[in-house]
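# Examining the three-dimensional arrangement
Letter by letter, the chains look like this.
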Amino acid sequence: MSLRVRFAPSPTGNLHVGGARTALFNWLVARQSGGQFILRIDDTDRERSSQEFLESILAAMKWLGLDWDEGPYFQSQRAELYRRDAERLLAEDKAYLCYCLPEELARQREAALKAGRPAVYDGRCRDLTRQDRERLEAGGRQPVVRLKVSRAGETVVRDLIRGGVVFNNEVLDDFIIVKSNGMPAYNFACVVDDALMGITHVIRAEEHLSNTPRQLALYRALGYAEPYFAHVPMILAPDRSKLSKRHGATSVEEYRDQGYLPQALTNYLALLGWSPGTEEEIIPQEELVKRFSLERVSLNPSIYDLGKLTWMNGHYLVTVDLEEITSRALPFFQRQGLVSQNPSPKEVDYLRQVVGLVRDRVKTLVEVVDAATYFFTDDWDYEEKGAGKYFTSEAAELLAQAGERLAGVEPFTAEAAEAAYRQLAEELGVKTPVLFHPTRLALTGRTMGPGLFGIMAVLGREKCLERLSRAAVWIRNAAE
RNA sequence: GACCCGUUAGUCAAGUGGUUAAGACACCGGUCUUUCAAGCCGGUAUCAGGGGUUCGAAUCCCCUACGGGUCGCCA
């Protein structure tokens, strides 16, 4: 039988980096084994689920290249399935109706916690008579369904990552499987779906490990085959707390919008909690598919390190096809109004040259834009410190001469411009930096950036001459 | 509080009884250079603590400490 795994987010928030990693691990296992990756939406919480979050999760999955073979299935549309199994459990006397009110339960729980007893439900509704039930229902109470759970013995969770995890069944109680509004509770819906969908490996975050004995009890009560489990460690914030908003971006879409590449996020996330066992760090998705294994997933939670992600992003920024980087960068330029909404092929070609020039000195697509604004607009000032240092009256003369020299360069290429510049420096008896620095400032307004002659070639002769003379004028004005 | 999982440098981590305890990010230095990066070369820094077991422990066992998770009619 082929392997079947699933990712089951609940649409109550955006796709979190932790969720994304869980999805990635599932996807890798499926792709590696030729099995199926199923997407299920756990939307039984009607209050908190929203269409907006659903779309955002789907978009993030697609952006990461995590395609699914089946689904998305929606738990909200599978009520019949849960009802059928709940009724079966009731009929087989493996479950019962409970009329306790949430407030009563909360009070009991609190008291138990305070007294140092395990906070388990005492099973007081287990033996309600028909008369009891009728009386309570007449009083307007809507029952929940609870599973009868034996508290004898122990339950062993066979986990592919941590081996057997033993739980004393004392910690269990008759937990709720159907809420009073008729919706299935998480553990129940999850087990019914996983079983009915033929899920063979449940790969999920470690926070679910403590829930697993409950789910196992359900598999057994329902007579369903148990899957393999693999609980992957959590991803923590730098202060070792749960990753949250106050630690910065947490959702995949935020990273996308901040100019991170899916290649980088995928690679980084794969290495958070998993290691190939070799010295490699840069492992693209296709390679991950071949190399990934649950056995090599680590047991300890890992801390999210934005710095390393950023480094990796910088790496992918220069190694991924220029064509792809350009098209990913385009919306960032458009957002700044530097490139039109429907760019002509000529504009795109220009953009490609610009991106090619600046991409190896920045880390994100946002930085690509920041590093390249002067290619698209003349609306900037000279960097103050640089102007003080390089825009001397002598420089004005040099820039004027450089302009004259550039005017005659044919064809106007980076190589030809450089040759002309070096020759000019020699003729004037100045060291090349003396000529280069003011030129860079004149052309870009900045003291740092890509190779000077590459800039010239992309900018074009006309623009260069214009900016050179503009700088010369500026210097003379400043001198007065 | 109870239960479960965990603990190798600031961070990600390799390591499965005998290693000079890999590698990467970050940091520091050097090199290259028209600038800034990148690249290249080099450096600082790690086995939570305590007991065992053993000729020998980062590796096996126990305790403590610390961190995380669960204990919801959230998922």
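Predicted model only: the values in this text are computed from it and were never measured.

### Thoughts on the overall build of chain A
If you tally the helices and strands in chain A, you get 20 helices and 12 strands. A globule of 480 residues ought to have a C-alpha radius of gyration of about 23 Å, yet chain A, at 32 Å, is considerably larger. For the C-alpha atoms alone, the extent of chain A along its principal axes is close to 105 × 45 × 45 Å. Of the contacts made within chain A by residues no fewer than 6 positions apart, 76% connect residues no fewer than 24 positions apart. A total of about 23,100 Å² of accessible surface is found on chain A, and carbon and sulfur atoms cover 50% of it. Side chains of chain A give 60 positive and 67 negative charges; the mean places of these two sets differ by 6 Å.

### Examining the protein's contact with RNA strand B
For RNA strand B, the set of nearby residues contains 60 residues, the closest of which are Thr44, Arg162, Gly273, Arg361 and Gly449. Across the atoms of RNA strand B situated within 4 Å of the protein, the share located in sugar and phosphate is 68%. One nitrogen or oxygen atom from the side chain of arginine 240 is found 3.3 Å from a sugar or linking oxygen belonging to RNA strand B. Contact between RNA strand B and glutamate 281: a sugar or linking oxygen at 3.0 Å from a side-chain N or O atom of the residue. Broken down by secondary-structure element, the contributors of at least two residues to the surface near RNA strand B are α4 (102–114), β7 (163–168), β12 (302–303), α11 (306–319), α18 (432–444) and α19 (452–459). In terms of residue class, the surface near RNA strand B is made up of 23 nonpolar, 17 polar and 20 charged.

### Quick notes on the domain arrangement of chain A
Often the size quoted for an interface is simply the accessible area lost on bringing the parts together. Taken as a whole, chain A is organised into domain 1 (4–77 + 236–306), domain 2 (79–232), domain 3 (322–371) and domain 4 (384–479). Each partner contributes residues to the interface: domain 1 has 9 residues there, and domain 3 has 8 residues. Regarding the contact of domain 1 and domain 3, the summed buried area is about 590 Å², with carbon and sulfur atoms giving 56% of it. Its largest share of buried area at the contact with domain 3, domain 1 owes to Asp257, Gly259 and Leu261, together 54% of the area lost on that side.

### Quick look at the sheet that holds strand β8 (residues 176–178)
Judged by pairing direction, the sheet is antiparallel, and its 3 strands sit side by side in the order β4-β5-β8 without closing on themselves. The open sheet terminates on both sides in strands that have one partner only, identified here as β4 (95–98) and β8. The mean angle between the axes of side-by-side strands here comes to 45°, regardless of whether they run parallel or antiparallel. Pairing of strand β5 (residues 144–147) with β8 involves 2 bridges; the strand directions are antiparallel. Within β8, the residue paired with arginine 146 across the bridge is isoleucine 176.

### Examining the side chain of glutamine 215
With respect to the element layout, glutamine 215 can be found in helix α7 (residues 212–222). A residue is classified by how much of its surface remains accessible, and glutamine 215, at 0% relative accessible area, is buried. When sequence neighbours within four positions are dropped, the list of residues in contact with glutamine 215 reads Tyr186, Asn187, Cys190, Val191, Arg204 and Phe229.

### Considerations on the packing of aromatic side chains
Taken as a whole and judged by the stated rule, the model has 15 aromatic pairs. Ring centres of tyrosine 382 and phenylalanine 391 lie 4.9 Å apart, and the angle between their planes is 75°; this geometry places the pair in the edge-to-face category. Accessibility expressed as a relative area gives 9% for phenylalanine 391, which makes it buried. Measuring from ring centre to ring centre gives 5.2 Å for phenylalanine 436 and phenylalanine 453, while their planes differ by 80°; the resulting arrangement is edge-to-face. A residue pair is termed long-range when its members are at least 10 positions apart, and phenylalanine 436 in helix α18 and phenylalanine 453 in helix α19 qualify at 17 residues. The buried category is assigned to phenylalanine 436, whose relative accessible area is 16%. Residue phenylalanine 453 is classed as buried on the basis of its relative accessible area of 7%. In this structure an aromatic cluster arises from ring pairing among Tyr255, Tyr260, Tyr268 and Tyr304. Sitting over the face of the ring of tyrosine 121, arginine 146 holds its NZ or CZ atom 3.5 Å from the ring centroid.

### Comments concerning helix α13 (residues 345–358)
End to end, α13 covers 20 Å across 14 residues, agreeing with the expected 20 Å (1.5 Å per residue, within 8%). Those residues of α13 that sit buried are Leu351, Val354, Val355, Leu357 and Val358. In an axial view of α13, the angular spread of the buried residues amounts to 155°, which keeps them on one side of the axis. In this structure, α13 carries Pro345 and Lys346 as exposed residues pointing more than 90 degrees from its buried face. The inward-facing, buried residues of α13 contact α12 (322–335), α14 (365–370) and α19.

### So, the packing of α12 against α13
Packing of α12 against α13 brings their axes to within 9 Å, and their N-to-C directions diverge by 105°. With respect to α13, the element α12 is oriented roughly perpendicular. Mapping the contact onto sequence places Leu322, Glu323, Ile325, Thr326, Ala329, Leu330 and Phe333 in α12 and Val348, Leu351, Arg352, Val355 and Gly356 in α13. Partitioning the contact of α12 with α13 into residue classes produces 8 nonpolar, 2 polar and 2 charged.

### Thoughts on unusual backbone geometry
The amide bond that connects glycine 71 to the next residue, proline 72, takes the cis arrangement and shows omega of 0°. Positionally, proline 72 belongs in strand β3 (residues 70–74). In this structure, proline 411 follows glutamate 410 across a cis peptide bond, with omega equal to -5°. Looking at the secondary structure, you find proline 411 in the loop between α16 (393–407) and α17 (414–428). Even without a glycine there, the phi angle at aspartate 93 is positive, about 65°. Residue class for aspartate 93 comes out partly exposed when judged on its relative accessible area of 49%.

### A word on the packing of helix α3 (residues 79–91) against helix α6 (residues 186–196)
Put simply, α3 and α6 touch, their axes get as near as 10 Å, and they point 105° apart. Between α3 and α6, the crossing angle belongs to the class labelled roughly perpendicular. In contact with Leu81, Tyr82, Asp85, Ala86 and Leu89 of α3, α6 contributes Phe188, Ala189, Val192, Asp193 and Leu196. For the contact of α3 with α6, a count of residues per class yields 8 nonpolar, no polar and 2 charged.

The rules behind each value
- Residues numbered from 1 in each chain as written.
- Chains lettered and ligands numbered in written order.
- Predicted model: local features only at pLDDT ≥ 70, side-chain atom pairs only at ≥ 80, totals over all residues.
- Heavy atoms only, no water.
- Helix = DSSP H or I, 4+ residues; strand = E, 2+ residues; numbered from the N terminus.
- Rg over C-alpha atoms; globule rule 2.2 N^0.38 Å.
- Contact = heavy atoms within 4.5 Å.
- Areas by Shrake-Rupley, 256 points an atom, 1.4 Å probe, with all protein chains shown as cover.
- Lys, Arg positive; Asp, Glu negative; His and termini not counted.
- Charge placed at Lys NZ, Arg CZ, Asp CG, Glu CD.
- Near = heavy atom within 4 Å.
- Polar contact = N/O pair within 3.5 Å; in protein donor to acceptor, adjacent residues only side chain to side chain.
- Nonpolar A, V, L, I, M, F, W, Y, C, P; charged D, E, K, R; others polar.
- Domains from an automatic or database assignment.
- Buried area = accessible area lost by both parts, 1.4 Å probe.
- Pairing = 2+ DSSP bridges.
- Axes fitted to C-alpha atoms, helices over the stretch in contact; angles between N-to-C directions.
- Buried < 20%, exposed > 50% of the residue type's maximum accessible area, 1.4 Å probe, protein only.
- Phe/Tyr/Trp six-rings, centres within 6.5 Å; stacked < 30°, edge-to-face > 60°.
- Lys NZ or Arg CZ within 6 Å of the ring centre and 35° of its normal.
- Expected span 1.5 Å × (residues − 1).
- Arc of directions from axis to C-beta.
- Parallel < 35°, antiparallel > 145°, perpendicular 65-115°, else oblique.

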